[in-house]
Amino acid sequence: MPAQDALLRAPASYQKKPGKLELTATHLQWTPDSASAPSVRIRAVDMATLFCSKPGAPAVRLKLNVFHAPSDGGHFFTFTSPRADEERENFKRELSTIIARNRASTTPAPSPSPTKPRSVVGAAAPGTPTPAPPDSLSQADFALRKTVILKHPELAQLHRALVISGQISEAEFWEGREHLLLAEARAAGQKRGKAGPLLELRPSAGDDGVIKITPQRIADIFDAFPVVARAHMENVPHKLSEEQFWKRYFSSRLFNAHRASIRTAAAQHVVKDDAIFDAYLEPEDDQLEPRRPHAGGIDVFLDLGATREDHGETGNDPDVTMQPGKQRAVLPLIRRFNEHSERLLTSALGDLPPAKRRRVDTGDAPDDPYSEIDIADLHDESTALGIALEMKDQQRYFEARSSNNKGDAAATVDLAAIIRQTRVELGDWSTHLSQMRLDKHAAEEALKGMTESVSARMGNKSRKNDIPDAVLRDMTTAHNATNEFLRQFWGAIYPQAAEGGQVLAPLTTPAQKKEKAGKMAAYLGNTHDKVDALAQQADAAGGDSGKVRVALQPMLDAVDRALDYFYNHFNQPVAAKKSLVR
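Quick caveat: nothing in here was measured; it's all calculated off a predicted structure. (Residues numbered from 1 in each chain as written. Predicted model: local features only at pLDDT ≥ 70, side-chain atom pairs only at ≥ 80, totals over all residues. Heavy atoms only, no water.)

Asker: What is the right way to look at the sheet that holds strand S7 (residues 75–79) in this model?
Answerer: Strands belonging to one sheet form pairs held by backbone hydrogen bonds; the direction of such a pair is parallel or antiparallel. If you trace the seven strands from one edge of the open sheet to the other, you get S4-S3-S2-S1-S7-S6-S5, paired in antiparallel fashion. Every other strand in the sheet has two partners, leaving strand S4 (40–43) and strand S5 (47–52) as the edge strands with one partner each. The mean angle between the axes of side-by-side strands here comes to 30°, regardless of whether they run parallel or antiparallel. With five bridges joining them, S5 and strand S6 (residues 60–66) adopt antiparallel strand pairing. Residue pairing across strands places Cys52 opposite Leu62, the latter belonging to S6. (Pairing = 2+ DSSP bridges. Helix = DSSP H or I, 4+ residues; strand = E, 2+ residues; numbered from the N terminus. Axes fitted to C-alpha atoms, helices over the stretch in contact; angles between N-to-C directions.)

Asker: Hey, could you run me through the pattern of salt bridges in this one?
Answerer: When their charged atoms lie close together, side chains carrying opposite charge are able to pair. Enumeration according to the criterion identifies 17 salt bridges in this entry. Across the salt bridge formed by Arg83 and Glu86, the nearest N and O atoms sit 3.0 Å from each other. A relative accessible area of 44% places Arg83 in the partly exposed class. Glu170 serves as the salt-bridge partner of Arg145, at 3.8 Å between the closest nitrogen and oxygen. Of the two residues, Arg145 sits in helix H2 (residues 139–151) while Glu170 sits in helix H4 (residues 170–174), which places them 25 residues apart along the sequence. Taken together, the salt bridges that share partners define one network made up of Arg9, Lys20 and Glu22. (Salt bridge = Lys/Arg side-chain N within 4 Å of Asp/Glu carboxyl O. Buried < 20%, exposed > 50% of the residue type's maximum accessible area, 1.4 Å probe, protein only.)

Asker: Just to check I follow, could you spell out the environment of Ala25 for this structure?
Answerer: Within the fold, Ala25 resides in the loop between strand S2 (17–23) and strand S3 (27–32). We classify Ala25 as exposed; its relative accessible area is 59%. Not counting the four nearest positions on each side in its chain, Ala25 is found in contact with Leu7 and Ala44. (Contact = heavy atoms within 4.5 Å.)

Honestly, it's all geometry; don't read function into it.
Below, the structure written as structure tokens:
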């Protein structure tokens, strides 16, 4: 592709491989650094949804899903240049325009008639079959939505009552809930790391001293003890079979040296000599300097000997905690813990180059070592200086203040009189204390108030619910459905930015706003009738209909406010208003 055809271009990695990401008028393509031809090429007409990492995240990522794609989880691109955030925003802006155009070109689902909205008091039956994914939704996105619904029972009930019943479309239901999909996608994309505990091979309870070996356990042994992997490679299957190798290993001195607990002299005499495994024994790493030096140097803030030259000879020995190798018997175990921790950190960070392990910019001194321990939360917040006040005759104002201060300073204070008055007031403090009496009526009133408060709390806990369970479930369903209609209504009037970074096609034209708002207003128009039906249902079941109305009154107020705004904002005729609002 000619270089002039690219609208945007930025360094980015794909599947942990460095490369270059380019956007043209017709395609989005990624080319690895080691190749001249792009290995990933996505047509603009196939772009469906877009996700972005949160601002300030360690990795600046962008995920793009396409229509009719296999369940591969989408395409992830990680921007790697120093201007990663800016470049990601540029790609996000252009891709959002393309996705909005693709969504606008799709045929919307037919909306129900505003005069006959469906009832949402009763939810769909639990046995309703799961629908197949729409043609415009990939298998990966459909599986992701299904997983979120299965994890949230209340959301699944609302989905059955509104989407499966055909009152709103699938896309409308998920507008504003992109953060749930993004969180689930992140959780599914995480890889399980290595186990944190140190590998300890011991018999399980009830196995009569038998150590069970599995392929995963063998891999862990080879990773923790490379000498065992070398012994296995050199002796199996030429000299020993697989079974003989592990039997002799667990009865050898080499296995006793690899145990996590401190070895005792008695345990070392129990093991037998083994000509094969004894050849792989290494002397104990109990010297002052470790056998395997730390790769990459020691951090200056963790090096206990970094400030040794700052202390002169005083004749005093260092404290026992600062004397290396004071107990040489524990040095091998400590160093084994250190090596295990280093392996865990290496596996968590991966094989990323140092450039991709982003650091906080230190401003004028990027090489300042103190920037590593500088915590922004411990800095004082800079207070605003405020707005400068412009005054007339400022000099006269300050002269008046200075004259007042001089007058106050001239006034003398009689300290002796103050001391004498204080002595007189505190002279009979013991007599006043013995004559003090507590008001019995006040104490009784306080005790009575506390007793009534406790009785009221206990009465609320033991009081029987006046609303039957079936009516309460229908009230919850109706309340959740009405809240969803209100959310859809106000989202059409005032579209908000989606959480989690997914870009949605906004309803920009007045016709689109009016169509969706009218559809939601048609559903909201029957809310009062639904509340009346619930109150009658409560009376028939022996409940209190008044409490039903009181509980749902805030919802009715919100519905009335939304309908009033709709008819006043879109200039609907009065006849249409009366047909929907009681």
